[in-house]
Each structure stands twice: as C-alpha cells, then as structure tokens.
Amino acid sequence: MSSKPEAPLCLRCGRPVVVNRQHYETYERMHWLCFHLEYEHGDHRDPDSACGDPGCPARAFDPKPPPSWDEDPSCYGLKPEL
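Draft legend 1. Region of the structure containing the overall build of the protein chain. From N to C terminus, the protein chain includes one helix and zero strands. Relative to all contacts within the protein chain whose residues are 6 or more apart in sequence, the contacts with residues 24 or more apart total 6%.

Here's what the structure looks like:
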C-alpha cells in the first residue's frame, strides 16, 4: 500500500500546505495567503483592509479598496505600459 507523503507545514500558521504545495519553497514555506499577509500586504495594514495587490483577497469585501497597481500604476510610482 502506498501512502501520500504528508503535506509540509506553513511557517506562519502551522497548517498543512496542500493546494499550492508545488510553490511551498517559492512562498517561503507558507501558504500563498500567509505569504501575502506577511510580506506583501503591509506591516500596519488590517488584514481585512485591501492593499494595492489586485489579487488581495480582502478586495472581495473591502467597500473602498485602494486602487490596485494594475488599475493605476502611477499611485505606486510605476509607469503605465504603453
């Protein structure tokens, strides 16, 4: 009988990383969401308040999310693509 190897544990929350297991090392041994909250979302930002990442899950329920970098690149110091 063959058994699946156990899923690695997320360094941030301690739960198994199953869905994005192939990206475990890319996301610093975390779930994508844990990685996003730890490194991309902002140190002092409420996790329920959307950040400028268009993939931020908080955008689903934040009534007034900030513009995302793909909607208004200039607000993040980026130059729009021509």
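Past the structure itself, the notes keep going.
Draft legend 2. The arrangement of the packing of aromatic side chains in detail. For the coordinates displayed, the defined rule picks out two aromatic pairs. Judged by centre distance (5.5 Å) and plane angle (50°), the ring pair of Y27 and F35 falls under tilted. Between F35 and Y39, the ring centres sit 5.1 Å apart and the planes meet at 50°, which makes this aromatic pair tilted. Within this pair, F35 and its partner Y39 are both found in helix α1 (residues 32-40), separated by four residues, close to a single helical turn. Overall, F35 belongs to the buried group, its relative accessible area being 14%. Members of the aromatic cluster, each reached through a chain of ring pairs, are Y27, F35 and Y39.

Draft legend 3. The arrangement of the nonpolar core in detail. By size, the foremost hydrophobic cluster in this structure holds six residues: C10, V17, Y24, M30, C34 and F35. When sequence neighbours within four positions are dropped, the list of residues in contact with C10 reads R15, V17, R29, M30, H31 and C34.

Draft legend 4. Fine view of the state of the cysteines. Scanning the model with the defined rule gives zero disulfides in all. C13 takes part in no disulfide bond, and the closest cysteine sulfur, belonging to C10, lies 3.8 Å away. C10 supplies the cysteine sulfur nearest to C34, a cysteine that is in no disulfide, at a spacing of 3.7 Å.

Draft legend 5. Region of interest: the pattern of salt bridges. As enumerated under the stated definition, the model contains two salt bridges in all. The salt bridge involving E25 is made with R29; its shortest N-O contact spans 3.3 Å. By relative accessible area, R29 is classed as partly exposed at 40%.

Draft legend 6. Summary view of unusual backbone geometry. Within the chain, E28 stands out as a residue other than glycine whose phi angle is a positive 55°. Tracing the sequence through the fold places E28 in the segment before α1. Despite not being glycine, R29 shows a phi value in the positive range, around 65°. Mapped onto the elements of the fold, R29 is located in the segment before α1.

Draft legend 7. Main features of the side chain of D53. Mapped onto the fold, D53 is located in the segment after α1. No salt bridge is formed by the buried D53, whose closest oppositely charged neighbour, R59, lies at an N-O distance of 6.5 Å. Among the polar contacts made by the side chain of D53, one reaches the main-chain amide nitrogen of G55 at a distance of 2.7 Å.

Thresholds applied
Per chain, residue numbering runs from 1 following the sequence as it is written. Only residues with pLDDT of at least 70 are given local features in this predicted model, and only at 80 or more are side-chain atom pairs given and counted; all residues enter the totals for whole chains, interfaces and linings. The basis for every side-chain value is the complete set of heavy atoms in the structure, and neither hydrogens nor water enter the calculation. The helix and strand labels rest on DSSP assignments: H or I over at least four residues marks a helix, E over at least two residues marks a strand, and numbering proceeds from the N terminus. What makes two residues a contact is simply this: any of their non-hydrogen atoms within 4.5 Å. Centre distance within 6.5 Å is the pairing criterion for rings of Phe, Tyr and Trp, where only the six-membered ring of Trp is used; planes under 30 degrees apart are then read as stacked, over 60 as edge-to-face, and the remainder as tilted. For every residue, the accessible area (1.4 Å probe, protein chains only) is compared with the maximum for its type, and the residue is labelled buried under 20%, exposed over 50%, or partly exposed between those bounds. Here, nonpolar core refers to any group of buried Ala, Val, Leu, Ile, Met, Phe, Trp, Tyr and Cys residues whose side-chain atoms link them within 4.5 Å. Cysteine sulfur atoms that come within 2.5 Å of each other are treated as a disulfide pair. A carboxyl oxygen of Asp or Glu within 4 Å of a side-chain nitrogen of Lys or Arg is what we treat as a salt bridge. Charge assignment: positive for Lys and Arg, negative for Asp and Glu; neither His nor the chain ends contribute. Contacts described as polar in this section are N or O atom pairs within 3.5 Å, which, within protein, must combine one atom able to donate a hydrogen with one able to accept it, while residues neighboring in sequence count only if both atoms come from side chains.

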